[in-house]
Amino acid sequence: MMPMAGSTQSMPLSRKNRKCAHGPDSASWSTATIDATYPCGYASAVGDREVGFVRDAGYASAVTTRHGVLRAEHAGFLQALPRISVNGRYQSVAHIRTMLSGVTTPLANAGKMLVTI
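About the criteria used
- Residues numbered from 1 in each chain as written.
- Predicted model: local features only at pLDDT ≥ 70, side-chain atom pairs only at ≥ 80, totals over all residues.
- Heavy atoms only, no water.
- Helix = DSSP H or I, 4+ residues; strand = E, 2+ residues; numbered from the N terminus.
- Buried < 20%, exposed > 50% of the residue type's maximum accessible area, 1.4 Å probe, protein only.
- Contact = heavy atoms within 4.5 Å.
- Areas by Shrake-Rupley, 256 points an atom, 1.4 Å probe, with all protein chains shown as cover.
- Pairing = 2+ DSSP bridges.
- Right-handed = clockwise from strand over helix to strand, strands pointing away.
- Polar contact = N/O pair within 3.5 Å; in protein donor to acceptor, adjacent residues only side chain to side chain.
- pLDDT = per-residue confidence, 0-100.
- Salt bridge = Lys/Arg side-chain N within 4 Å of Asp/Glu carboxyl O.

What follows covers the overall build of the protein. A tally of helices and strands in the protein yields three helices and seven strands. A burial count over the protein gives 33% of its 117 residues as buried. Looking at the protein alone, contacts between residues at least 24 apart form 44% of all its contacts between residues at least 6 apart. When the accessible surface of the protein is summed, it comes to about 7300 Å², and 56% of that surface belongs to carbon and sulfur atoms.

Spelled out as structure tokens, the structure:
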């Protein structure tokens, strides 16, 4: 199988339970398991087929490049989770807080609050 891009490096699909601390001050944020990330940044790059590959490889969760925050309804879509991208355009603390509030999710997704494949 082809390797999936990890949070810091490419890793084989058999790799599981990569631990990552979230946020600049990991003491104030919880630690979560990041199993896989999809490497491409456009919506059509991840569909049912790719999610099936990740699920069949044994990953418990994976994040897409689709913009959004986690909601309880994502429990049924753990291999197709949205994420907040911090890149060269939106790196101020105010921008990140606004994105984490969830207010930008429907703006980026044609009005949808629940973002999946």
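Let us now look at the sheet that holds strand E5 (residues 36–37). On the basis of which strands lie adjacent, the open sheet formed by three strands has the order E5-E6-E7 and parallel pairing. Of all strands in the sheet, those bounded by a partner on one side alone are E5 and strand E7 (81–83). By the bridge criterion, two bridges tie strand E6 (residues 62–67) to E7 in an arrangement that is parallel. Bridging from a neighbouring strand, His 67 pairs with Arg 83 of E7.

This next bit is on the pairing of E6. Counted residue by residue, E6 has five buried out of six residues, so it is predominantly covered. Two elements, E5 and E6, share two bridges in a ladder whose sense is parallel. Paired with Ala 36 across the two strands is Ala 62, which belongs to E6. In the classification by handedness, the crossover that spans E5, the intervening helix H1 (residues 48–56) and the parallel E6 is right-handed.

This paragraph deals with the environment of Asn 109. Along the chain, the position of Asn 109 falls in the segment after helix H3 (105–108). The class of Asn 109 is buried, set by a relative accessible area of 14%. When the C-alpha atoms of Asn 109 and Gly 68 are compared, they prove to be 8.3 Å apart, with 41 residues separating the residues in sequence. Sequence-distant contacts of Asn 109, that is, excluding residues within four places in its chain, are made with His 67 and Val 115. Within the structure, Asn 109 has its side chain in polar contact with the backbone oxygen of His 67 (distance 2.8 Å).

Right, let's talk about the confidence of the model for the protein for a bit. The pLDDT averaged across the protein works out to 75; a share of 70% of its residues lies at or above 70. When pLDDT is averaged over each element of the protein, H3 comes out on top at 94 and strand E3 (residues 18–21) at the bottom at 34.

Moving on to H1. All of the buried residues along H1 are Glu 50, Val 51, Gly 52 and Val 54. Phi turns positive, to about 100 degrees, at Gly 58, one or two residues after H1.

Turning next to the pattern of salt bridges. Scanning the entire structure with this criterion turns up two salt bridges. The shortest N-O distance in the salt bridge between Arg 49 and Glu 50 comes to 2.8 Å. A relative accessible area of 55% places Arg 49 in the exposed class. A salt bridge links Glu 73 to Arg 71; the shortest N-O distance between them is 3.7 Å. A residue is classified by how much of its surface remains accessible, and Arg 71, at 32% relative accessible area, is partly exposed.

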